[in-house]
Protein chains: 2
Amino acid sequence: MELLKKRISENARIIGNEIVKVDSFLNHQIDVNLLNEMGKEFKARFENQEVTKILTIEASGIGLACIAAQYFNVPVVFAKKSEARNLSPDVYESQVYSFTKDQTYTIRVSKEYISPLDKVLIIDDFLATGNAALGLIKIAQQAQAQVVGIGIAIEKGFQKGREKIEENDIKVESLAIIKSIDNGQVVFA
Amino acid sequence: MELLKKRISENARIIGNEIVKVDSFLNHQIDVNLLNEMGKEFKARFENQEVTKILTIEASGIGLACIAAQYFNVPVVFAKKSEARNLSPDVYESQVYSFTKDQTYTIRVSKEYISPLDKVLIIDDFLATGNAALGLIKIAQQAQAQVVGIGIAIEKGFQKGREKIEENDIKVESLAIIKSIDNGQVVFA
């Protein structure tokens, strides 16, 4: 998606060879007009899928998921993050390891809000190692819901997230794929 | 706002005399169509204010803030919560005590995303003790931005949040005000 790539090129802050900070329009300050264009693009890319629910993860996936949901006319469910590992009978949960924070956290979704009848589109801001997305897939699978695809704003193509998801036969659509970071500049795939 | 009150009456889960759980449409699963009606209502209630930015707090304020922002055509900034108390020179921050969790956390906004020129509308899902809203006001004040008002989805009118905010001469608009909880039933103001 050219609009998003342009915005990344102009406004992302690159730290080292792996970190792309998009705090100015996606992760901390949110450009809602841009999110609307991204939402339309997700709708176009998953046009033929019958989506009943959008699943994301707090916090930075929520804005994008909500704006995108308007084009699908479905509710959003966001998984809650917790450091606590105590099991609850009322939730689906999985463990997610975050490389950025070197920390494992539990993500949870109440059993009430995903059912075996759901066709779930997972939306998130970043795809890197794929751990967060896999955690969401596991939650949908526990609910016996079908995951119809994963829509990502920015994919770090130099990490292994896509492979791990495609191994589950799930379609990944990323609006901007970063192939590499070269001398402080983003190179798109 | 009748639509929201009706939804609360029908779908909120009441726990004891103080807790109103709206996980099914606002806080965990999100009814984006309802959020759009709420966003329009905020726009109507702050019609005469020139808003340049919507400020909220992660996680459950983000969806509502993003949907509402479409009617104001301004960006959203969400304060990040952290348990860490280490100061950073690049952020505005304040301490917020959560009664629900009996825990004090730090909320932070990067200095880049609020300026003295900003006219800030604060949006959040709940107003109870007012601590979260006051924390956001303090952040806006540190940035020397003007707070033009606070838009709340559900106000617990039996707690003291509104008083604390109005002491700062800031207008509060809540879409549903719960006066009391009586025998497991919500009574609106």
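Residues numbered from 1 in each chain as written. Chains lettered and ligands numbered in written order. Predicted model: local features only at pLDDT ≥ 70, side-chain atom pairs only at ≥ 80, totals over all residues. Heavy atoms only, no water.

Novice: Before we move on, could you go through the overall build of chain A and cite the residues and values that matter?
Specialist: The number of helices and strands found in chain A is six helices and 11 strands. Whereas a compact globule of 189 residues would reach a radius of gyration of roughly 16 Å, chain A reaches 16 Å, a difference of no more than 12%. A principal-axis box enclosing the C-alpha atoms of chain A has dimensions of 50 × 35 × 30 Å. Put simply, chain A has 189 residues, and 56% of those count as buried. Counting only contacts in chain A whose residues sit at least 6 apart along the sequence, the fraction spanning at least 24 positions is 60%. (Helix = DSSP H or I, 4+ residues; strand = E, 2+ residues; numbered from the N terminus. Rg over C-alpha atoms; globule rule 2.2 N^0.38 Å. Buried < 20%, exposed > 50% of the residue type's maximum accessible area, 1.4 Å probe, protein only. Contact = heavy atoms within 4.5 Å.)

Novice: Requested: an account of the relation of the copies chain B and chain A, with residues and values cited.
Specialist: Superposition of chain B onto chain A requires a rotation of 180° combined with a translation of 0.0 Å along the rotation axis, giving an RMSD of 0.0 Å. The two molecules are tied by a two-fold rotation axis, judged by turn and shift. Mapped onto chain A, 100% of the interface residues of chain B again fall at the interface, so both copies present the same surface. (Least-squares fit on C-alpha atoms with pLDDT ≥ 70 in both.)

Novice: Residue-level account of the confidence of the model for chain A, with values.
Specialist: Of the residues in chain A, 97% have a pLDDT of 70 or more, and the chain-wide mean is 95. Under the prediction, the complex receives an ipTM of 0.96, its pTM being 0.97. (pLDDT = per-residue confidence, 0-100.)

Novice: Could you give an account of unusual backbone geometry, naming the residues involved and the relevant values?
Specialist: Cis peptide bonds are those with omega within 30 degrees of zero, and the linkage from E58(A) to A59(A) qualifies with -5°. Among the structural elements, A59(A) can be located in the loop between β4 (53–57) and α4 (62–72). Positive phi values are uncommon outside glycine, yet N183(A) reaches one of about 55°. A positive phi angle, near 55°, is found at N73(B), a position not held by glycine. Residue placement: N73(B) occurs in the loop between α4 (62–72) and β5 (76–82).

Novice: Give a detailed account of the pattern of salt bridges, specifying residues and quantitative values.
Specialist: According to the stated counting rule, one finds 28 salt bridges over all chains in the structure shown. A salt bridge links E166(A) to R162(A); the shortest N-O distance between them is 3.0 Å. Here E166(A) and its partner R162(A) are both found in helix α6 (residues 161–166), four residues apart, which amounts to about one turn of the helix. Residue classification places E166(A) among the partly exposed residues on the basis of a relative accessible area of 39%. Classification of R162(A) as partly exposed rests on a relative accessible area of 23%. Taking the shortest distance from any N to any O, the salt bridge between R7(B) and D31(B) comes out at 2.7 Å. (Salt bridge = Lys/Arg side-chain N within 4 Å of Asp/Glu carboxyl O.)

Novice: Quick rundown of the side chain of N27(A)? Include the residues and the values.
Specialist: With respect to the element layout, N27(A) can be found in helix α2 (residues 23–27). Take N27(A): its relative accessible area is 11%, and that puts it in the buried class. Ignoring anything within four residues of it in the chain, the contact list for N27(A) reads V22(A), S60(A), D125(A), F126(A), F78(B) and K80(B).

Novice: I'd like a rundown of the packing of aromatic side chains, residues and numbers included.
Specialist: Residues and elements named next belong to chain A. A full pass over the atoms with the stated rule returns two aromatic pairs over all chains. With 4.9 Å between their ring centres and 80° between their planes, Y97 and F99 make a pair best called edge-to-face. Under the relative-accessibility criterion, F99 is labelled exposed at 55%. (Phe/Tyr/Trp six-rings, centres within 6.5 Å; stacked < 30°, edge-to-face > 60°.)

Novice: Talk me through the interface of chain B and chain A; I want residue IDs and the actual numbers.
Specialist: Across the boundary between the two partners, chain B contributes 32 residues, which contact 32 residues of chain A. Both faces combined, the contact of chain B with chain A buries some 2600 Å², and carbon together with sulfur accounts for 56% of it. Area buried by chain B at its contact with chain A is led by H28(B), Q29(B) and Y113(B), which between them contribute 26% of it. For the pair chain B and chain A, the number of links is two salt bridges. (Buried area = accessible area lost by both parts, 1.4 Å probe.)

Novice: Provide a residue-level description of the packing of helix α1 (residues 2–11) of chain B against helix α3 (residues 32–45) of chain B, including the pertinent values.
Specialist: All names here are of chain B. Direction vectors running N to C along α1 and α3 enclose 140°, while the axes themselves pass 10 Å from each other. Here α3 runs oblique to α1, going by the angle between their axes. For the pair formed by α1 and α3, the contact residues are L3, L4 and R7 on the first element and L34, E37 and M38 on the second. Among the residues making up the contact of α1 with α3, the classes are represented as four nonpolar, no polar and two charged. (Axes fitted to C-alpha atoms, helices over the stretch in contact; angles between N-to-C directions. Parallel < 35°, antiparallel > 145°, perpendicular 65-115°, else oblique. Nonpolar A, V, L, I, M, F, W, Y, C, P; charged D, E, K, R; others polar.)

Novice: Help me get a handle on the packing of α3(B) against α4(B), residues and values and all.
Specialist: All names here are of chain B. Two numbers describe how α3 lies on α4: the axes approach to 8 Å, and their chain directions differ by 50°. Between α3 and α4, the angle is such that the two are oblique. Here α3 runs over α4; the crossing is right-handed. Facing α3, whose interface residues are V32, L35, N36, M38, G39, K40, F42 and K43, α4 presents G63, L64, I67, A68, Q70, Y71 and F72. Along the lines of polarity and charge, the residues of the contact of α3 with α4 split into nine nonpolar, four polar and two charged. (Left-handed = near helix turned anticlockwise from the far one by under 90°.)

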